[in-house]
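# Architecture and fold: a report
What follows is the residue order along each chain.
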Amino acid sequence: MNLRPLFLGLLSLLAISLSAQNTGLRGTLTDAEDNTPLTNATIILSGTGVVVASDSEGRFELDGLAPGSYELLISHNGHQPIEREVNIRAGVMLDLNGISMTRNLSTETRTSDIPTVTLAEAEAETDGAGEVANLLHASRDVFQNISAFGWFYFRFRERGYDSEHFPLLLNGVRINDPETGIAFYGEIGGLNDVLRRRQSAIGMEVTDFTFSEIGGATFIDTRASAQRKQVRASYAVSNRTYTNRVMVTASTGLMPGGWAVSASASRRWAQEGYQDGTFYDGYSYFLSVEKQFARRHGLNFTLMGAPTRRGRAGDTFQEMYDLAGTIRYNPFWGYWNGEKRNSNVARSNQPIAILRYDWSPADNTSLIFSTYGQAGKNGYTRLDWFQGNNPNPDYNRRLPSAFEDPELAAAWAQELQDNESLRQLNWASMYEANTINTETIQDANGIPGNSVTGKRSQYVISDNRSDSKELGSNLILRHSIDEHFTMNAGLDYQYYLGNNFKVVDDILGGDFIVDWDRFAQQDQPDNPNARDNDLRITNHIVKEGETYGYNYDENIRKFGGWLQFQYDINKLSLFAGGELNNTTFWRTGNMQNGRFPNESLGDSDKQLFSTYGLKGGATFKLNGRNYIYVHGFYGTRAPQFRDVYLSPRIRNEYVEGADVYTIKSLEGGYQLRAPKIRARATGYITQFENEIDGYMLFQPSVGVFGTQLTTGINRQHAGVELAVEAKPFVGWTVSAATNLGQYIYTNRPKLYLTLDNTAELILDGVTVYQKHYNVPRTPQTAASLGLKYESRRFWFASLTLNWADNLWYNFDRTRRTAGFVETFVPESDAWNLALDQQKAPAAYTLDFFGGKSWRFGRKYFLYLNAGLNNILNNQNVIISGRDAYRNGYANDPTDVRLYTSELIYAPGFNYFVSLSVRI
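Since we're looking at a predicted model, the values are computed, not measured. (Residues numbered from 1 in each chain as written. Predicted model: local features only at pLDDT ≥ 70, side-chain atom pairs only at ≥ 80, totals over all residues. Heavy atoms only, no water.)

## Structural notes on the sheet that holds strand β8 (residues 168-170)
Defined as follows: In this scheme, strands are said to pair when DSSP sees at least two bridges between them. Counting from the N terminus, the helices are DSSP H or I runs at least four residues long and the strands are E runs at least two residues long.
The strand order β9-β8-β11-β10 describes an open sheet built from four strands, whose pairing is mixed. One side of each edge strand has no neighbouring strand; the edge strands of this open sheet are β9 (173-174) and β10 (198-202). Direction of pairing for β8 relative to strand β11 (residues 216-220): parallel, over a ladder of three bridges. Note that in β11 the partner of L169 across the bridge is F219.

The following block contains the structure:
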């Protein structure tokens, strides 16, 4: 047999195979306007079945190709597709670097100006929803888009996590509040135009800008060169938190000489928002200046702020909503001089300045160093009273249900229904009480023989301030070791000083108050100094604008570092990383309290917590469209300042043995990326162990303020996220998503209840029977179905049905202790009512969004957008609920009237319409 032809054929096949290993194409995709990388673009090579996606730097690569001529198709959401013929030669890697994609006009309207963003912004500025965990965490992921915008109305939280598990980086620095972990939307609100350039990580997936732990992370790039080159002006009307908004933005893009400048300003205002008696007045400003030196260095300075005043709405009893006949009822206001006046006004002005330096010492290495400073004022006003009765119109002793006599209860309920003024604050009566209350204070201001005579106010408006100063730096390093192996690392430091104090904002017709605690003498009758809030100035005469009650500082220092490695080959991606952090905090008292003279003034002991985190994951690429992934995290976190100190307003005492808590989390799923369909299915389970939860409350049983502290809390969050977006026909998109979650407490923690003025432990480590109770504050089940049409004539319209269920109310831990229920008859109505956790009814909304774009010549664009939320006017959407603390009855815990809830409703039908022009 002649083996030569066979041998030569095998050699030829081997040569072709070896040459194919270095045969292919690669490239980098950027936006044509601002040169930013385009992530998750779909690259298809016709006739091969090969489909890949661009990475976070816009890069893609297809190797192992046979020589020949192919059709290359590139598509990216929001950009016009590219079709190009490419010729692949044996042994050559064709380099297509510098592919620029032009934005699509109709899609640009949909993605850049979609009104859901602004509707979510308005909702974020309402009471209790000022966090950005969902809103700015949104990305092009189908599930995140729906959860951030469609379910934001229900105050949905991804996987039920708190905001601290969603780090937000602004130009490289983390802006989550060091005290609470929350990233507050109000600090950057009204700047939509310049906050669009962002990267988001979903869950525990790998990210190259931070160690994101369990919730994901968001990086917002505010550099002037990253902003769209434009001049843009817009006006909007709405009926939610504000009714009018004006915004102007101008950005130069990167100019010759390496300079770029971007500026934006807006104003939002309303004489009255959706809730009765609310108002809004907010300004926002932004300036970013950048200089790029050659192609290796860049320096950017960003300054932004959002000074805001708004009248707040409060939660209240269902009984009051029923008497008022509307979910717009708000107990915080009443008429004064013929105008509506709100007693609870939030004010915030905390500008932030960031200096960012970018350096690329080599093509495979980049470094971002950012440093920032933030300082300003933050607070809210509320009524404070000393010798008078509780002036709040929804005070539980004023409710008809508090009356023992049914006839009197019915008569009073009818009066409340018929007379709106009885459901409001009576400003006139408070002014009158102050002006007729003349008193003489002996030894005033600690001066023997000094007497002060005047109108001593029984009612005042206090301003409860939380002013802060914050400094920090962050370093991010990215280094590609080779084409498969990448290293990311970072260091960060935060300095935080929070000054908490109370000021007389309005003395309401009086001359002064005396800085005495109204409960002190009843709590410590044998202590003559007990009533003075500051022994350094006894019998302190306090006038308008002066501090009283409490004054202390929160000192927090955080330092940490992280390291992460990624390994990518054709079918498999792996990553692993770790972090180490150090948190130190302590209290500094600025008053010497008369109840605790030796424990209130000066520095407390320092609390030091060292924590760590380990994270890793793998993604298996079945092909260019189908992916299977699994990620895991194990680590510890430090408790928050507010959960460690028993009564931080007046003393230094803290929880003995306060320690870090542990987080264990695992997620896995499947993802489909194809030109006409995108889908994701993810299962997750997260366990929190040894958490601490503390908060202040008014204790009805003894009639004074106290602190409730629960230690050793374990909980588990488990569920499934499903989402799909399909484009069955040209212009049509169908989307659907659901979250099926179960977030429950898994053990019986210990409860401590101490009184502020005596340090007496009313409850000392008693067991709370909360195992299997549901974690409150978010719907655990949600679903959405949407239909959208995009016309070639530059208009779009969408209709979305959203649904949410299993929103559980926050529950009173003291009611779930053995000592509380021992007087009940087991399984009686009172027993069940006292112990059962309350739940909001299932809720739904039908939302419409639409828009139209016009192009005039090559430079002028006009956009009209309209968003109609809850168009069926569903007025039974409860977004917050809690067990009420009621002390209006005799000491009979079996009285079923005690067990009511205080609620907040979402708005009914609401709208947002905007008109924008861009040059």
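The discussion continues.
## Overview of the environment of R356
Which entries qualify depends on this criterion: Burial classes: relative accessible area under 20% of the type maximum marks a residue as buried, over 50% as exposed, and values in between as partly exposed (1.4 Å probe, protein chains only). Every residue pair with non-hydrogen atoms within 4.5 Å of one another is taken to be in contact. Throughout this description, a polar contact denotes any pair of N or O atoms lying within 3.5 Å of each other; where both atoms belong to protein, one of them has to be capable of donating a hydrogen while the other can accept it, and for residues adjacent in sequence the pair is counted only when both atoms sit in side chains.
Mapped onto the secondary structure, R356 falls in strand β22 (residues 352-362). Residue classification places R356 among the buried positions, given a relative accessible area of 3%. Not counting residues up to four positions away in its chain, the partners in contact with R356 are N171, F219, D221, R223, G298, L299, N300, I368, F369 and S370. At 3.0 Å, the side chain of R356 forms a polar contact with the side chain of N171. Here the side chain of R356 touches D221 through a polar contact of 3.5 Å, side chain to side chain.

## Some details on the side chain of R813
Short version of the rule: Asp and Glu count as negative and Lys and Arg as positive, but His and the ends of the chain are not part of the count. We define a salt bridge as a side-chain nitrogen of Lys or Arg found within 4 Å of a carboxyl oxygen belonging to Asp or Glu.
Summarising the element assignment, R813 is placed in the loop between β42 (795-807) and α9 (818-821). Despite its burial, R813 pairs with no opposite charge, the nearest such side chain being D693 at 4.3 Å. One polar contact links the side chain of R813 to the main-chain carbonyl oxygen of F811, over a distance of 2.8 Å. Contact partners of R813, with chain neighbours within four places excluded, come to D693, Y695, Q708, T710, Y745, L751, V768 and Q770.

## Observations concerning unusual backbone geometry
Even without being a glycine, N539 presents a positive backbone phi close to 50 degrees. Relative to the assigned elements, N539 resides in the loop between α8 (520-523) and β29 (541-542). The class for N539 is buried, based on a relative accessible area of 10%. Despite not being glycine, N690 has its phi angle at roughly 70 degrees, a positive value. Residue position: N690 is located in strand β36 (residues 677-699).

## Considerations on a negative patch on the surface
The condition is simple: Only residues above 30% relative accessible area that lack a salt bridge enter a patch, with like-charged residues linked at up to 9 Å and the nonpolar side chains Val, Leu, Ile, Met, Phe, Trp and Tyr linked at up to 5 Å. In these tables, accessible area is a Shrake-Rupley quantity obtained with a 1.4 Å probe, and a residue counts as shielded only by the protein chains included in the view. The location of each charge is read from NZ of Lys, CZ of Arg, CG of Asp or CD of Glu.
Together, E61, D63, D482 and E483 make up a region of like negative charge exposed at the surface. Judged by its relative accessible area of 65%, E483 falls in the exposed class.

## Brief notes about the pattern of salt bridges
Side-chain pairing between opposite charges can occur once the charged atoms of the two side chains come close. One pass over the full model with this rule turns up 40 salt bridges. Here E404 makes a salt bridge to R897, at a shortest N to O gap of 3.0 Å. You can see E404 sitting in the loop between β23 (365-385) and α6 (406-418) and its partner R897 sitting in the loop between β45 (878-883) and β46 (901-905), a full 493 residues away along the chain. As a salt-bridge pair, E902 and R882 come within 3.3 Å of each other at their nearest N and O atoms. Remark: R882 occurs in strand β45 and E902 occurs in strand β46; sequence separation between them is 20 residues. When its relative accessible area of 11% is taken as the criterion, E902 is described as buried. Relative accessible area serves as the criterion here: at 29%, R882 is assigned to the partly exposed category. One connected set of salt bridges, linked through shared partners, spans D141, R159, E667, R680 and E721.

## Things to note about a nonpolar patch on the surface
A contiguous nonpolar patch, built from F729, W732, V734, L785, L787, L801, W803, Y844 and L872 and spanning about 870 Å² of accessible area, is present on the exposed surface. Among the secondary structure elements, those contributing two or more residues to the nonpolar patch are β38 (732-745), β41 (779-790) and β42. Positionally, W732 belongs in strand β38. In this structure W732 comes out as partly exposed when scored by relative accessible area, which is 36%.

## Comments concerning the environment of R651
The residue R651 is located in the loop between β34 (626-637) and β35 (661-673) in this model. Counting along the chain gives 475 residues from R651 to N176, while the straight-line C-alpha distance between them is 27 Å. In this view, R651 contacts R587, F596, E599, S600, L646, T754, L755, D756 and A759; residues no more than four positions away in its chain are not counted. Looking at R651, its side chain comes within polar contact range of the side chain of E653, at 3.1 Å.

## A few points about helix α7 (residues 427-435)
Quick note on the threshold: Here, the arc refers to the directions that run from the helix axis to the C-beta atoms.
Taken residue by residue, α7 has W427, M430, Y431, A433 and N434 as its buried positions. Taken end-on, α7 shows its buried residues confined to a sector of 160 degrees, consistent with a single buried face. Buried positions along α7 lie against β19 (333-336), β20 (339-342), β23, β25 (452-455), β26 (459-480) and β27 (485-506).

## A few points about the packing of aromatic side chains
Let me state the cut-off plainly: Only rings of Phe, Tyr and Trp enter the pairing, Trp through its six-membered ring, and a pair is recorded when the two centres are within 6.5 Å. The plane angle decides the type: under 30 degrees is stacked, over 60 is edge-to-face, the rest tilted. Only when the NZ of Lys or the CZ of Arg is both within 6 Å of the ring centre and within 35 degrees of the ring normal is a charge said to sit over the ring.
Applying the stated criterion across every chain yields a total of 28 aromatic pairs. A ring pair is formed by Y242 and Y280, whose centres lie 5.7 Å apart and whose planes are at 55 degrees; its orientation type is tilted. Of the two residues, Y242 is situated in the loop between β12 (230-238) and β13 (244-251) and Y280 in strand β15 (residues 280-293); the sequence distance between them amounts to 38 residues. Feature note: the residues F585, F609, F641, Y645 and Y654 constitute an aromatic cluster, connected by ring pairs. One residue, R813, lies across the ring of F811, its end atom 4.0 Å from the ring centre.

Function cannot be read off these values alone, since they describe shape.
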